Structure formats: C-alpha cells, structure tokens
Amino acid sequence: MPKASKKLVPRKSDSKIDKKRSDLAPDIETGAQEFMTTDQGLKINDDQNSLKAGERGGTLLEDFILREKITHFDHERIPERIVHARGTAAHGYFQVYKPMAQYTKAGFLNDPALKTPVFVRFSTVAGSRGSTDLARDVRGFSVKFYTEEGNYDLVGNNIPVFFIQDAIKFPDLIHAVKPEPNNEIPQAASAHDTFWDFISLMPESMHMIMWVMSDRAIPRSLRMMEGFGVHTFRLINEAGKSVFVKFHWKPLLGVHSVAWDEAQIISGKDPDFHRRDLFDAIESGAFPEWELGIQVVEEKDEHKYPFDLLDPTKLIPEELVPVQRIGKMVLNRNTDNFFAETEQVAFHPGHLVPGIDFSNDPLLQGRLFSYTDTQLSRLGSPNFHEIPINRSINKVHNNQRDGHMRQQINQDVTSYHPNSLTGGCPFQAKATEGGFTSYEEKIDARKVRARSQSFFDHFSQAKLFYDSQSEAEKNHLTNALRFELGKVQRVEIRQRMIGLLSQVDKTLAKEVSDALGLSVPNKPEQPLNHSIPADGNPAKFQPKTKDQGIKSSAALSMANTLKGNIKSRKVALLAADGADGNQMELMKKALTDAGAVVEIIAPKLGNISTLKGAPAAVDKSLMTVSSVLYDAVYIPGGDKSVATLGQKPEAVEFISQAYKHCKAVAFEFGTEPLIEKTMIGEDLKSNKNIPGIIHPAGKNINLVKDFITAIGQHRFWEREKSPV
Ligand code: HDE
C-alpha cells in the first residue's frame, strides 16, 4: 500500500477573498485529503474493478461505490447559459486612482489603497458551450467586484450599444440568432436567414449591426478589447446627489482584431484560441490590464443631447463627453477549476453597492428580472450565492432560509424580522451605516406600453460609426455584410437589408448589393409594420434623423488605438536543420526582451541542428500549427533549412498566409529560394518596400529593430486585396 503523505495542495493565492472563502468552505475544497474516498469520506480500496458475482460474473447492485461514481457522472452537466454559454474567466483586482467622492459614495471607488478582488468572465453570445471562440459575435465582459459592501457586478459587452431598445424583444432577438429550429444549423453564427429576417424588420438594430459587422466582433485577444456597461447608470454621492454615468473598460494593450478569413481558419485550427491566449498570458505573468473609464452627465443635462441617454442603441460620443480614467483592473490569476468558477459564477446587473444605481433604460430594467431567474434554472437553487465563486466577502445575514443544497447552518431560532427573541438581529442599516437606499427619482406618469419619441433615430449613430471608420475598416465591414447576407437564402431578406443599409450610407449599400447581385432601391421598403404594436399609429413609428453634433469620432476607429507594444505577441520562428543559429538566437533574444513570445516551428518535433551555435529545441511542428495562431513570422537564413522548408507546402503556406493576413514578416539573406515560392515573392518583384515585410533588400533596414516596430503596428491592412 502506498504511503500517504499529508501534504496540502498549495493554493495559488492568499488573497483576502480566498481566506474568507476557505473559512466557510468544507475541507473537501482544499484538496487536503490524499486518499481517495467516496463522497461520504470512506477510503476507497479498489477504484479499478466493480463488485461482481465471481470474476466473470454480473455486477452487483450492492456496489454503492460504483453507483455513487456513475450517478455523480450522470449528473455532471448543468444547463448551459441560454446566452453567453461559451466563456472563459480569470481572477484579479481593481484599484481606483483617486477618491471619486464627488460622484459616488461606493467604497471601492473611494480608497486608492484598496485592491478590490474581481472575477471577470468573457464570452461570446450566440454559440453553445463548446463552440468556437472566433465566431463573429459580441463579446460579454462581466466583472464581479467582491467589495466590502457586497458584490457589485458590471455585466457589460465589448460593444457599447445593443440591438434592441426594450427587454421584451430579447427572446425574439435570441431566437432569431440561435441555430434554426428545424435542423439546429448554423452553430455560433449570425449568417443565416432567421437572424437577418429579424434584423431587416428591426431598424433600431442598425447601429449595433455596424459594430458587429466591424472587426470589433472578431478580437485578436480578449485582452485587447474594450468593455462597456452599455446602459446609462447613476452614481450617487454621500450628499445624495446623482449624475448619469456610462462605464468603459480601456485595454492597455490597445484594441486589436484579426481578419475574417483568419478568424474562420482559427476556428478550425484552435477553437479555444481566446481561452488559451488569456490563460497562457496570465500563466506567463503578462497580466492583462484595463482602465475603468466613466463618462459623467449631470442630471440637468439629461436632455441636452440629440439622443436619449436611456436608449441602449446609442452611445455618448467621447468628443461630447470625455472618458475619465478612474482606476485599473489587473487579471493575475487563472481559475483552478473551470466548472466551479467560470461555469458556476452568477452575474446580475442588479448586484449593486451603495453609490451606484440604475437608470430607466427599458433594456436594463428587463435585465434586472432576468438574471436571478436564469440562475434558478441553471444553478437549480436560490442558494446559488453560497457557491464559493459567488460568495460575498461581506458576511451575509438575513432571514432567507433552506432551499436546495443550503450550505449555511443558521443557528438562530428566529428567521423573521422584526423579532425580539434574538434581540432584533439582523438589523437594518441606516444609509449612514452603509444601508442601500434607492435613488429617489421623481416620477409622475401614466401607466403605458409605449416607447419615447426620443428613441426613434435609428440611423444617425449607425452613420456616425460608419463614417468614423478607416478605409480598411470600412472594407472589412462591407465584406462582412457581403458574407453574412450572401449566406441568406431568401432574396427578399437581402433586399430589405439593402434598403436599411441605404439609410446608413449609400456607398455601403451599393457595394454590398453589387456582391449580392441586387440593386439599391430608390425608396426602401419600410419594414415598420412589423415593429409596431397592433393598434399603434404608424406615423409615430417612422425613424427620425437628428444631427449628432459631430460627423466622426476618433474613438470609434481601431485605427487610432494604442500601438507599439509587442508585449505577449506571438512570433513564429520558422526553421529546419541547418538554420543559422546565431541569427535565431539574436532575434529570439531581442523579441523576448521586448516582451514577445517566440516559438520555434519546424517540420518535426525534437531538436534542430543549427549552422552555427547550439541545437535548438522545436516548440511546435508544422503539422499542428498555422500562421493564424501567430502575430508575426521570422525566417532565419541557412541554405539547408531554406531548402527543406521550400519543399514543404505547409511552410510555404505558413508564410503566404501570414502575408495575406497583413502580418509582419521578416526574413534574412539567403531565404530567397523559399520566399519566392510564397505570395510575398510575387509582390516583391514589383515593389521591394512592401509595408510590414522586413528583409535585407528593403530600404535602410535594421532587421531586428524594424521587425519589432512592425509587430507593434499589429497589421498592415493596406496590403489587403479585395475578395470581390
Ligand atoms: Fe444578458 N443575459 N440579457 N445582456 N448578459 C445573460 O444571464 C438578458 C444584455 C450579458 O458571464 C443571462 O447568467 C436579457 C445586454 C453578459 O455569466 C440572461 C437582456 C448586455 C452575460 C441574460 C440582456 C448583456 C449575459 C444568461 C435584454 C450588455 C454573461 C446567463 C433585456 C450590457 C454573464 C446569465 C456571464 C447573460 C438576459 C441583454 C450582457 C438570460 C433579458 C444589453 C455579459 O439572464
């Protein structure tokens, strides 16, 4: 029998939140027991054989160990999230730069010395749990702040607006985008008839459509995307004064995306691309960081803008209200157990702390019902707040009792309030003691099912977004629409979409319609009859256009994002036996010193013998990777290596594809026989100075330095060739 050593499984963090959690957690969560036991703690002697009537006999019903194990296995799955099922998450902390007392009394936004623990879950919306990370989709960006005043959840997206204006339309939107009900096709994709049928009848979605057809919907990394609270919220200060606020997360690595062709290839080569990227970056110590930004609007200015602050299909242009960066979030610890943490975490926009409150955005108001409701069916019990990842670090005291899987053992005889038997405990807290009080908004209204006339400008901000894009971004957006609508089978849906697009931008509509073999209608069919109530007055539902005050907004284009930083960028070093070891080492060191991750890729695993220098260990073989998994490619010299790679179609394609996807590629003297076989070779014949292609025959070349600068530019979209 093996000797048991009673060693504790080390925990990766001793953060305050973990300490508080492990106080409450049963022993089993620490993994402290080394012997295998049943769920009742009985040590197991044989986990290899079930109990049988004789060695070759039937299995006995008596085998409680077998039954316990199989029963548990049979019930391992819980319903996946109805939306945002595919996700990944990490731990970290948030720290405010300076007290924000002027706007809010929230404790975690007032103490710069305080590191508030956070748990952040990123997700796609439409696909199932096992779907690809690189689907064209909105990304969820949910942050749970474990504050000393209770949990605060900021449950946002990487796009600042939404498809619809009222929560009552959410099930329709999601039914339309999910796989079609007859054959469950397609998975994690909006490019199908039911989605575009709905959208073509829903003009309020046009602003959001511009965003999801842009490259924002195919991020390079979860670490390189913005986050938005979407709705307008309120901040409330100690004196009870309220301001309106929009929340932003600004990534310190800048906002970057992949190409659509690349996204589709990644989905096959590595469907876990984003999940792996986040996990690897955190494991390697390249902790992702975002700054929290706020746009503040005084109550008196509520009606000052050409859009309604309560309309979730509108953003506040940063030129009108600048974003103040008020603090930083760092993700520094991966999950230990995906199910226990990422799957069981339960976010809810209604998890609030004093100093923050809701606005009347009708989409937000509907969400306030939905999230607890969904946790009840997903996690199966009103006690989901007791699951470790959902526990508040502030101790919970109330008269809620019992229910499925209750963990807390309440010892009081009272479970009601008021009581005298336990001295009135637990007590209500005054506002001055941290008790939550809702903002006393003045209301004097009729009870109506209606939408404000201020919500009916469906095209102006869609146009503002489109007009703010760079040429390359506009091309990508146009091609995304060509792709999506090209997959739509019914011509009338495509035609209706062209009608809607023509109200955003005539050139856009024309370019999309050309690729679809259609023409732009002179007067677009008004699809509004479908989107008004049965007794509604159609005149009231016509879109209205309002001047947005600005023609374009720099903040809306990724072309203006932070560039230059190559921290955690992945570079493929393509080599074979006989490669120049000195060049490899020099380049690898320079890139690694600048924070990049370099992987040596060769025809097979093991070591390659180099021309000069020590043998180099191969990280990946050409069979298992592809250039879409890297940000840049470098090819050292060495005749034998160059000749070997030249004979491998995978190597030639690797380089061509990196070039096609507009990435930085660098190669040394003597690599010409290989490069000539790639797409680069052909183009170099007419132009020696292709942007992002770094080679000794280029102008004033410092290969290492120029390669690093080029990687920092992310992509050279000007190299792109139109697919149509
Ligand atoms: Fe959600 N949403 N949502 N949503 N949402 C859910 O809650 C819902 C909306 C968002 O990482 C569900 O726990 C309604 C906008 C994120 O666990 C569900 C409406 C925004 C996540 C739900 C919306 C979001 C969810 C499914 C229209 C951006 C993932 C599982 C009124 C501001 C949270 C769950 C996570 C998840 C309902 C619209 C963001 C069903 C009814 C707008 C990031 O409750």
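Structure's up top.
The text that follows walks through the structure, step by step, so that each part is easy to find. (Residues numbered from 1 in each chain as written. Predicted model: local features only at pLDDT ≥ 70, side-chain atom pairs only at ≥ 80, totals over all residues. Heavy atoms only, no water.)

**Thoughts on the sheet that holds strand S16 (residues 632-635)**
Move 1: With parallel pairing, 6 strands are arranged side by side in an open sheet as S15-S12-S11-S16-S17-S18. Of all strands in the sheet, those with a lone pairing partner are strand S15 (620-621) and strand S18 (693-694), marking the two edges.
Move 2: Bridge count for strand S17 (residues 664-667) against S18 is 2 bridges, and the pairing is parallel. If you follow Ala666 over to S18, its bridge partner there is Ile694.
Move 3: Most of the contacts of helix H19 (residues 703-712) go to S17, to which it runs at about 165°, and overall it touches strand S11 (570-574), S16, S17 and S18. (Pairing = 2+ DSSP bridges. Helix = DSSP H or I, 4+ residues; strand = E, 2+ residues; numbered from the N terminus. Contact = heavy atoms within 4.5 Å. Axes fitted to C-alpha atoms, helices over the stretch in contact; angles between N-to-C directions.)

**Some words on helix H6 (residues 260-269)**
Move 1: Among the residues of H6, Glu262, Ala263, Ile265 and Ile266 are the ones counted as buried. End-on view of H6: buried residues confined to an arc of 170°, all on one side of the axis. (Buried < 20%, exposed > 50% of the residue type's maximum accessible area, 1.4 Å probe, protein only. Arc of directions from axis to C-beta.)

**Some remarks on the packing of aromatic side chains**
Move 1: Taken as a whole and judged by the stated rule, the model has 23 aromatic pairs.
Move 2: Ring centres 6.1 Å apart and planes at 35° place the aromatic pair Phe162 and Phe170 in the tilted group.
Move 3: Residue classification places Phe170 among the partly exposed positions, given a relative accessible area of 29%.
Move 4: A ring pair is formed by Phe195 and Trp196, whose centres lie 5.1 Å apart and whose planes are at 80°; its orientation type is edge-to-face. Trp196 shares its class with Phe195; the two are buried.
Move 5: Pairwise contacts between aromatic rings join Phe94, Phe108, Phe122, Phe141, Phe145, Tyr152, Trp249 and Trp290 into one cluster.
Move 6: The ring of Trp260 has Arg136 lying over it, and the distance from NZ or CZ to the ring centre is 4.9 Å.
Move 7: Over the ring of Phe347 we find Lys144; its NZ or CZ atom is 5.2 Å from the centre of that ring. (Phe/Tyr/Trp six-rings, centres within 6.5 Å; stacked < 30°, edge-to-face > 60°. Lys NZ or Arg CZ within 6 Å of the ring centre and 35° of its normal.)

**Here's the deal with the coordination of the iron atom of the ligand**
Move 1: Counting protein donors around the iron atom of the ligand gives one, Tyr371 (OH), at 1.9 Å.
Move 2: Relative to the helices and strands, Tyr371 is located in helix H9 (residues 362-379). (Donors = N, O, S within 2.8 Å, 3.2 Å for Na, K, Ca; no water.)

**Remarks on helix H11 (residues 471-486)**
Given 3.6 residues per turn, any residue in an α-helix points the same way as the ones three and four places further on.
Move 1: With 16 residues, H11 ought to run about 22 Å at 1.5 Å a step, and its terminal C-alpha atoms sit 22 Å apart, in line with that.
Move 2: Burial analysis of H11 places 12 of its 16 residues in the buried class, the great majority of the element.
Move 3: For H11, the set of buried residues is Ala472, Glu473, Lys474, His476, Leu477, Thr478, Asn479, Ala480, Leu481, Arg482, Glu484 and Leu485.
Move 4: If you follow the buried residues of H11, they end up packed against helix H4 (193-200), helix H5 (206-213), helix H10 (460-468), helix H12 (491-502) and helix H13 (506-516). (Expected span 1.5 Å × (residues − 1).)

**A look at a nonpolar patch on the surface**
Move 1: Among the surface-exposed residues, Val413, Tyr416 and Leu421 lie close enough to one another that they form a single nonpolar patch of about 340 Å² accessible area.
Move 2: With respect to the element layout, Leu421 can be found in the loop between H9 and H10. (Patch = residues over 30% accessible without salt bridge, like charges linked within 9 Å, V, L, I, M, F, W, Y side chains within 5 Å. Areas by Shrake-Rupley, 256 points an atom, 1.4 Å probe, with all protein chains shown as cover. Salt bridge = Lys/Arg side-chain N within 4 Å of Asp/Glu carboxyl O.)

**Notes on the environment of Lys688**
Move 1: Relative to the elements of secondary structure, Lys688 occurs in the loop between helix H18 (679-686) and S18.
Move 2: For the pair Lys688 and Lys699, spaced 11 residues apart in the sequence, the C-alpha separation amounts to 8.0 Å.
Move 3: Beyond its immediate sequence surroundings of up to four residues, Lys688 is in contact with His695, Ala697 and Gly698.
Move 4: Here Leu684 takes part through its backbone oxygen, which lies 3.2 Å from a polar atom of the side chain of Lys688. (Polar contact = N/O pair within 3.5 Å; in protein donor to acceptor, adjacent residues only side chain to side chain.)

**Things to note about the site of the ligand**
Move 1: Around the ligand, a shell composed of 24 residues is seen, among which Arg81, Arg121, Ser370, Tyr371 and Gln375 lie nearest.
Move 2: Between the ligand and the protein, one listed contact pairs a nitrogen atom with a side-chain N or O atom of His84 at 3.4 Å.
Move 3: Side-chain polar atom of Arg367 to a nitrogen atom of the ligand: 3.4 Å apart, as the coordinates give it.
Move 4: Elements represented by at least two residues in the shell around the ligand include exactly strand S3 (139-147), strand S4 (150-157) and H9.
Move 5: With 6 residues, H9 is the single largest residue contributor to the shell around the ligand.
Move 6: Looking at the shell around the ligand, its residues break down into 11 nonpolar, 10 polar and 3 charged. (Near = heavy atom within 4 Å. Nonpolar A, V, L, I, M, F, W, Y, C, P; charged D, E, K, R; others polar.)

**Some details on unusual backbone geometry**
Move 1: For the bond running from Ile185 to Pro186, omega is -5°, close enough to zero to count as cis.
Move 2: As for its placement among the helices and strands, Pro186 is situated in the loop between helix H3 (170-177) and H4.
Move 3: Within the chain, Ala188 stands out as a residue other than glycine whose phi angle is a positive 50°.
Move 4: Secondary-structure assignment places Ala188 in the loop between H3 and H4.
Move 5: Look at Ala188 and you get buried, because its relative accessible area is 11%.
Move 6: In this structure, Asp402 is a non-glycine residue whose phi angle is positive, near 60°.

**Overview of the nonpolar core**
Move 1: By size, the foremost hydrophobic cluster in this structure holds 50 residues, and its most contacted members are Phe163, Trp196, Met206, Ile209, Met210, Leu481 and Leu501.
Move 2: Of all elements in the fold, only H3, H4, H5, H10, H11, H12 and H13 reach the threshold of two or more residues within this core.
Move 3: Residue contacts for Trp196: discarding those within four places in its chain leaves Ser190, Ala191, Ile209, Met213, Leu481, Glu484, Leu485, Val488, Ile493 and Met497. (Core = buried A, V, L, I, M, F, W, Y, C linked by side-chain atoms within 4.5 Å.)

**Let's talk about the pattern of salt bridges**
Where charged atoms of side chains with opposite charge meet at close range, the side chains can pair.
Move 1: Summed over the entire model, instances satisfying the criterion amount to 38 salt bridges.
Move 2: Among the salt bridges present, the one from Asp631 reaches Arg569, with a minimum N-O distance of 2.9 Å. In this pair, Asp631 is assigned in the loop between S15 and S16 and Arg569 in the loop between H13 and S11, connecting sequence segments 62 residues apart.
Move 3: One network of salt bridges, in which partners are shared, links Arg220, Arg223, Asp277, Arg569 and Asp631.

Keep in mind that these numbers describe shape and distance, not what the molecule does.
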